[in-house]
Amino acid sequence: MDKKIFIPIILGTAREGRESEKAAKFVFEETKKYGFETEIIDVKDYASPVTWSMDPAIKEKISAKIKNASALIIVAPEYNHGYPGELKLFLDNFYEEYFYKPLGICGVSSGPLGGARMVEQLRMISIEFHMTPIREAVYFSSIKNLFDEKNNIKDPAYSERVKTMLKQLESSMRN
Ligand SMILES: Cc1cc2nc3c(=O)[nH]c(=O)nc-3n(C[C@H](O)[C@H](O)[C@H](O)COP(=O)(O)O)c2cc1C
């Protein structure tokens, strides 16, 4: 039987009351529906106060997950036109684990642009990690009104947008 393709989703903010968690859970469900294995790696669980302060045992565990991934997805909000600091602190713990992996980015914002400027910035640094950022991103705009009280997405167009990103990730994979 073919090995299942594993694409973890990094949730890139630890902010109290974060809305991005809803977007990450939505992307998680869509990724499973598409047929990939996935899990959410939540930076909140690994929040480091300074660079390279992650517990070595935890670091080894996450390192194995990233190595085992065929591609990566990051779901993160835009904070002052950039990515959250805790996301960068998390990402900087690893390097060779990322090599040659396609990266899909999902931006989140309360405004209309869906974190577009954050997506552009994250693409830039992903190149230093030898990742391959793909063109198809998903922009979760007006996030505060995008999900109902049961956390179901109100705009059905997002399923197709995530699928488009997953298709491009799939065609960019080396293994
Ligand atoms: C520190 C901070 C900076 C922000 N900067 C931006 C910004 O540059 N552009 C934007 O569209 N929204 C900005 N916002 C609003 C966020 O889009 C909004 O709070 C959204 O819910 C963020 O995702 P989160 O709830 O997962 O933190 C900012 C919010 C915070 C807390």
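Residues numbered from 1 in each chain as written. Predicted model: local features only at pLDDT ≥ 70, side-chain atom pairs only at ≥ 80, totals over all residues.

Chemist: I tried to follow the overall build of the chain on my own but got confused; where do I start?
Modeler: Broken down by element type, the chain carries 5 helices and 6 strands. Helices and strands appear in the chain in the N-to-C order β-α-β-α-β-α-β-α-β-β-α. Computed over C-alpha atoms, the radius of gyration of the chain comes to 15 Å, within 12% of the 16 Å expected from 2.2 N^0.38 for 175 residues, which places it in the range of a compact globule. If one aligns the C-alpha atoms of the chain with their principal axes, the spans along those axes are about 45 × 40 × 30 Å. Here the chain holds 175 residues, and the buried ones make up 35% of them. Residue pairs in contact within the chain that sit at least 24 positions apart in sequence constitute 80% of those at least 6 positions apart. (Helix = DSSP H or I, 4+ residues; strand = E, 2+ residues; numbered from the N terminus. Rg over C-alpha atoms; globule rule 2.2 N^0.38 Å. Buried ≥ 20, exposed ≤ 12 C-beta atoms within 10 Å, placed from the backbone. Contact = placed C-beta atoms within 7 Å.)

Chemist: Sorry, what's going on with the site of the ligand here?
Modeler: Around the ligand, the structure places 16 residues, and the nearest of them are R18, E19, S20, P77 and S109. Here the shell around the ligand is built from residues that sort into 5 nonpolar, 7 polar and 4 charged. (Near = placed C-beta within 6 Å. Nonpolar A, V, L, I, M, F, W, Y, C, P; charged D, E, K, R; others polar.)

Chemist: What is the right way to look at the environment of K101 in this model?
Modeler: Here K101 is to be found in the loop between α3 (85-91) and β4 (102-108). Taking the C-beta count within 10 Å as the criterion, K101 has 23 such neighbours and is therefore assigned buried. Remark: the alpha-carbon pair of K101 and N152, spanning 51 residues in sequence, is separated by 30 Å. Discounting residues that sit within four places of it in the chain, K101 has contacts with A69, A71, L72, M131 and T132.

Chemist: Help me out: how do you make sense of the nonpolar core in this one?
Modeler: Nonpolar side chains in soluble globular proteins tend to end up buried together. Ranked by internal contacts, the top residues of the largest apolar core, which has 40 residues, are I9, A23, V27, L72, I74, V75 and C106. Broken down by secondary-structure element, the contributors of at least two residues to this core are β1 (9-11), α1 (20-34), β3 (72-77), α3, β4, α4 (116-128), β6 (138-140) and α5 (157-172). Once residues within four sequence positions are removed from consideration, A23 is found in contact with V75, C106, V108, F140 and I143. (Core = buried A, V, L, I, M, F, W, Y, C linked by C-beta atoms within 7 Å.)

Chemist: Explain the packing of α1 against α5 here, please?
Modeler: In a packed pair of helices, the relevant descriptors are the angle between the two axes and the axis-to-axis distance. The N-to-C vectors of α1 and α5 enclose an angle of 60 degrees; their axes lie 10 Å apart at closest approach. Taken together, the axes of α1 and α5 lie oblique to each other. For α1 against α5, the interelement crossing comes out right-handed. Across the interface between the two elements, F26, V27, E30, T31 and Y34 of α1 pack against Y158, S159, V162, K163 and L166 of α5. Looking at the contact of α1 with α5, its residues break down into 6 nonpolar, 2 polar and 2 charged. (Axes fitted to C-alpha atoms, helices over the stretch in contact; angles between N-to-C directions. Parallel < 35°, antiparallel > 145°, perpendicular 65-115°, else oblique. Left-handed = near helix turned anticlockwise from the far one by under 90°.)

Chemist: Could you clarify how one ought to interpret the pairing of β3 in this entry?
Modeler: Regular strands show a simple pattern: their side chains alternate between the two faces of the sheet. Counting buried residues in β3 gives 6 out of 6 residues, a clear majority hidden from the surface. Burial along β3 is two-sided: the face carrying L72, I74 and A76 and the face carrying I73, V75 and P77 are both buried. In terms of strand pairing, β1 meets β3 through 3 bridges, oriented parallel. Paired with L11 across the strands is V75, a residue of β3. Both β3 and β4 contribute to a ladder of 6 bridges, which runs parallel. Across the sheet, the residue bridging to V75 is C106, located in β4. For the crossover from β3 across α3 to β4, the handedness is right-handed. (Pairing = 2+ DSSP bridges. Right-handed = clockwise from strand over helix to strand, strands pointing away.)

Chemist: When you look at the pairing of β4 in this model, what are you seeing that I'm missing?
Modeler: Summarising burial for β4: 7 of the 7 residues are buried, a large majority. Of the two faces of β4, the one carrying P102, G104, C106 and V108 and the one carrying L103, I105 and G107 are both buried. As paired strands, β4 and strand β5 (residues 132-133) are joined by 2 bridges and run parallel to one another. Its bridge partner lying in β5, P102 is registered against T132.

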